Structures are given as C-alpha cells and as structure tokens.
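Structural characterization, general
One-letter residues, chain by chain:
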Amino acid sequence: MEIKLFQVNDYFFEFPEKGQWVIDGGVELVFAKGICCMGWNSREEIMAMEDYGFNQMFDSTEYMQLENDNILKLKSYLIQEITNIEFITREFDFIKDYTMTKIVENRVVGMNLEFENGSKLQIAFINYQLEESDAPKDYYYDVTGELLVSIKGDVEIDN
C-alpha cells in the first residue's frame, strides 16, 4: 500500500536517473495486513528486518521521513500487487557475550520484490567504496552499513 524511507543523518545519496537511493535509516513497506521494515535496529545495533514500524526499531526520535518529488515517484511506481519475493541471506559472526564467544547467525541482508506490472524493488543492507567527488560503488552486503533501495532491482552486490 505504501513505502516510506527514513533517514537518520543529514545526507543521503539519491540517483533519480538510476532509480536508486542509499539511506541510513530504514525502509517501511506498509501492507493491508501489516508492516515489513528493513532498517537500523537500535536494540541489536545492526540492520534488521522486522514486522513493525521504523519508529519502534529506532530508539530515537532523531530521524526524518524522506519526501521529495523522486520519492513520490517511487511511491506511485510501487503501488501494485506483489507477484514474487526473494530474500537474500548471509552468515555473520557475532560475539555472544562478555566471554567473547562467537556465534554464527544467518541474517536477511536483502529482499527483491516483483510486481504485477513487471516492475521490481531491491532493498539491501550494504556498504560500499566511496572516493571524493564520486558516487558509491563496489557494493557489498553488510548488516552494519546502510540501505540500498533500487526500483530497477538490478544493482550488483558482492558477498
């Protein structure tokens, strides 16, 4: 029914010609029967996917919902019936407790949605290389990084 983009810091990347955004807060997908949110989970201190809103995931009120002409186009582009969902998962090592014991957990790092009109939406937890006066490049999955949102669903992301 709706998509909302949330930003924590002042700056984000927006590439309207590519249909891409790199943000650091969260993406909330609102459905008739619930919410799917991918974003920064303050309690776990990583990016996570939850079935509740960003305002419940992020423990501060210091964020903003992004609204501009390009995001309004994104919203209108995606109000369609979803025909396919693909979840991307990766294994990560986490420190369990003060004993420094490591555990391996399989985490969702991305989601690809296809809609009835053939359009696609790619959302992924990423990090990237950034050089002065250049756009982000060499994306790789990272649960401590930022969020990639792409309406073309074709951004290459390394493991």
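Everything discussed here concerns the structure shown above.
Conventions adopted
The residue numbering used here restarts from 1 in each chain and proceeds along that chain's sequence as written. Only residues with pLDDT of at least 70 are given local features in this predicted model, and only at 80 or more are side-chain atom pairs given and counted; all residues enter the totals for whole chains, interfaces and linings. Computation of side-chain values covers all heavy atoms of the structure but excludes hydrogens and water. Any Lys or Arg side-chain nitrogen located within 4 Å of an Asp or Glu carboxyl oxygen qualifies as a salt bridge. Helix and strand definitions follow DSSP, with helices as H or I runs of at least four residues and strands as E runs of at least two, each counted in order from the N terminus. Partly exposed describes any residue whose relative accessible area lies between the buried limit of under 20% and the exposed limit of over 50%, with all areas from a 1.4 Å probe on protein chains only and scaled to the type maximum. By definition, two strands form a pair when at least two bridges between them are found by DSSP. Every residue pair with non-hydrogen atoms within 4.5 Å of one another is taken to be in contact. In this analysis, axes come from line fits to C-alpha atoms, helices being fitted only over the stretch in contact, and the angle between any two N-to-C directions falls in the range 0 to 180 degrees. Side-chain atoms alone can form a polar contact between residues adjacent in sequence; in general such a contact is a pair of N or O atoms within 3.5 Å, and within protein one must be able to donate a hydrogen while the other accepts it. Buried Ala, Val, Leu, Ile, Met, Phe, Trp, Tyr and Cys residues that are joined via side-chain atoms within 4.5 Å together make up what is termed a nonpolar core.

Turning our eyes to something else, we now look at the pattern of salt bridges. Under the criterion given, the structure shown has five salt bridges. Between Lys4 and Glu28 there is a salt bridge; the shortest N-O distance is 3.7 Å. Here Lys4 is found in strand 1 (residues 2-7), whereas its partner Glu28 is found in strand 4 (residues 26-31), with 24 residues between them in sequence. The class for Glu28 is buried, based on a relative accessible area of 6%. Here Glu131 ties to Lys137 by a salt bridge, and the two come within 3.3 Å at their closest N and O atoms. A relative accessible area of 31% places Lys137 in the partly exposed class.

Strand order in the open sheet made by the five strands is 6-5-4-1-7, with antiparallel pairing throughout. Each end of this open sheet is capped by a strand with a single partner; those strands are strand 6 (46-50) and strand 7 (64-65). The pairing of strand 1 with strand 4 spans five bridges and is antiparallel. Of the residues in strand 4, the one forming a bridge with Phe6 is Gly26. Those strands touched by helix 2 (residues 69-78) are strand 1 and strand 7, and its axis lies near 150° from that of strand 1.

Its location among the elements puts Leu121 in strand 10 (residues 120-129). Along the backbone, Leu121 and Glu28 are 93 residues apart, and their C-alpha atoms lie at a distance of 13 Å. When near neighbours in sequence (up to four residues on either side) are disregarded, Leu121 contacts Ile3, Leu29, Leu78, Met111, Asn112, Leu113, Phe115, Val149, Ser150 and Ile151.

For the rest of this paragraph, the subject is the side chain of Ser119. Note that Ser119 resides in the loop between strand 9 (102-115) and strand 10. A distance of 2.6 Å separates a polar atom in the side chain of Ser119 from a polar atom in the side chain of Asn117.

Right, let's get into unusual backbone geometry. Note on backbone geometry: most residues besides glycine have negative phi, and most peptide bonds are trans. The phi dihedral of Glu45 is positive, around 60°, even though this residue is not glycine. By the secondary structure assignment, Glu45 is in the loop between strand 5 (34-41) and strand 6. Assessed through its relative accessible area of 57%, Glu45 is described here as exposed. Unusually for a residue other than glycine, Met100 sits at a positive phi of about 65°. Looking at where Met100 falls in the secondary structure, it is placed in the loop between strand 8 (82-95) and strand 9.

With that out of the way, let us pick up the nonpolar core. In this structure, Leu5, Val27, Leu29 and Leu121 are the most contacted members of the largest nonpolar core, which totals 37 residues. Among the elements that take part in this core, strand 10 stands out by supplying six residues, more than any other. Among residues more than four places away in sequence, those in contact with Val27 are Ile3, Lys4, Leu5, Cys36, Cys37, Met38, Ile123, Leu147 and Val149. Phe6, Cys37, Phe54 and Met57 belong to the second-largest nonpolar core, a separate cluster that totals six residues.

On the secondary structure map, Gln20 appears in strand 3 (residues 20-23). Residue Gln20 is classed as buried on the basis of its relative accessible area, which comes to 9%. Beyond its immediate chain neighbours, meaning those up to four positions away, Gln20 contacts Phe13, Glu14, Phe15, Tyr139, Val149, Ser150 and Val155.

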